[in-house]
Amino acid sequence: KNVANLLKLNQLIATFGTTYNPSNNAIKATGLATLYTTANAKLTAVNSSFTSWKNATNSRELAFDPLAKLSTQILGALQSLGLPQQTIDDFESQVKKFRSSGSKLTKADSGIADTTPAEKVIDQNETPETKTISNSQQSFDNLIQHFQKMILILQSVSTYNPNETAFKVVTLQTQFTNLNTINNTANTSYATLKNARIQRNLFFYAKDTGALDIVKQAKAYVKSIYGASSQQSKAVNAIKFTRVVPKKSAQ
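Another aspect to go through is the packing of helix H1 (residues 2–14) against helix H2 (residues 29–64). Where H1 contacts H2, the two axes come as close as 10 Å, and the packing angle between them is 165°. One way to sum up the angle between H1 and H2 is to call them roughly antiparallel. You can see that H1 and H2 cross each other, and the crossing is left-handed. For the pair formed by H1 and H2, the contact residues are Val3, Leu6, Leu7, Asn10 and Ile13 on the first element and Leu32, Ala33, Leu35, Tyr36, Ala39, Asn40 and Leu43 on the second. In terms of residue class, the contact of H1 with H2 is made up of 10 nonpolar, two polar and no charged.

Of all hydrophobic cores here, the largest spans 28 residues; its most connected members are Phe64, Ile74, Leu78, Phe91, Phe147, Leu154 and Tyr160. In this structure Ile74 touches Phe91, Met150, Leu154, Tyr160, Phe167 and Leu172, once residues within four positions along its chain are discounted. In terms of nonpolar packing, the next biggest core, distinct from the first, is built from 26 residues, Tyr36, Ala211, Ala218 and Ile239 among them.

Below, the discussion takes up the environment of Leu70. Its place among the elements puts Leu70 in helix H3 (residues 67–79). When the C-alpha atoms of Leu70 and Phe98 are compared, they prove to be 9.8 Å apart, with 28 residues separating the residues in sequence. Residues in contact with Leu70, not counting those within four places in the same chain, are Phe147, Ala166, Phe167, Leu172 and Gln175.

About the criteria used
Residues numbered from 1 in each chain as written. Predicted model: local features only at pLDDT ≥ 70, side-chain atom pairs only at ≥ 80, totals over all residues. Heavy atoms only, no water. Axes fitted to C-alpha atoms, helices over the stretch in contact; angles between N-to-C directions. Helix = DSSP H or I, 4+ residues; strand = E, 2+ residues; numbered from the N terminus. Parallel < 35°, antiparallel > 145°, perpendicular 65-115°, else oblique. Left-handed = near helix turned anticlockwise from the far one by under 90°. Contact = heavy atoms within 4.5 Å. Nonpolar A, V, L, I, M, F, W, Y, C, P; charged D, E, K, R; others polar. Core = buried A, V, L, I, M, F, W, Y, C linked by side-chain atoms within 4.5 Å. Buried < 20%, exposed > 50% of the residue type's maximum accessible area, 1.4 Å probe, protein only.

Right under this line is the structure:
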């Protein structure tokens with residue numbers, strides 16, 4: 001909304017002609033035009049990063065989803081070998097971790113945002129950040145570790161040589177490598193999105209240099225040349241801008 005209103009402000013100021021001639025370069029017509037172009041770019045960067053993150057996390061959910069069932073199946077294969085109970089117990093402890101962690105996390109668990117509950121939400125793709133976010137990231141990281149421990153246990157059993165390709169250690173090692181790559185991609189996309197939002201917030205809301213403060217300066221100049229009660233001043237003041245992120249959070 002702020003981006004759209006920035007365009008409206010530019011269009012209105014353009015109608016003032018040469019009368020609008022501030023000494024401050026930041027609020028000159030050319031400066032405000034550049035401000036709008038940059039605002040669009042910041043917004044596009046966030047939207048693009050959000051899409052990339054969403055695709056990466058969806059892929060991760062799909063890749064991790066079979067692990068709970070797979071670990072249970074392999075447990076059955078181990079139990080069929082007549083191994084010492086301690087070995088079975090060690091492996092089963094890893095299986096239980098898959099079941100309790102839940103390789104298929106909910107959409108809410110795997111969501112991220114950069115606003116706090118007390119702030120207004122910037123767009124429909126952003127929700128208030130909670131501890132669930134970091135828990136979600138850790139859950140996938142933990143599942144990777146559980147899976148690796150499971151493979152190490154299987155490697156230690158000399159009689160474990162299943163006929164089923166999906167249960168073979170070499171297959172599981174390849175799967176582990178793939179899961180690790182997918183998880184790293186999702187985590188990297190999270191960092192990229194987070195940074196894009198930080199840069200957007202700094203651009204819009206940083207004290208003095210942020211777009212909203214520059215808009216205030218432009219409105220103040222219009223008031224100075226036309227008067228506070230002028231139609232021009234009322235027109236620019238009617239174009240509202242919302243501070244979504246507090247100044248202290250955009251430094």
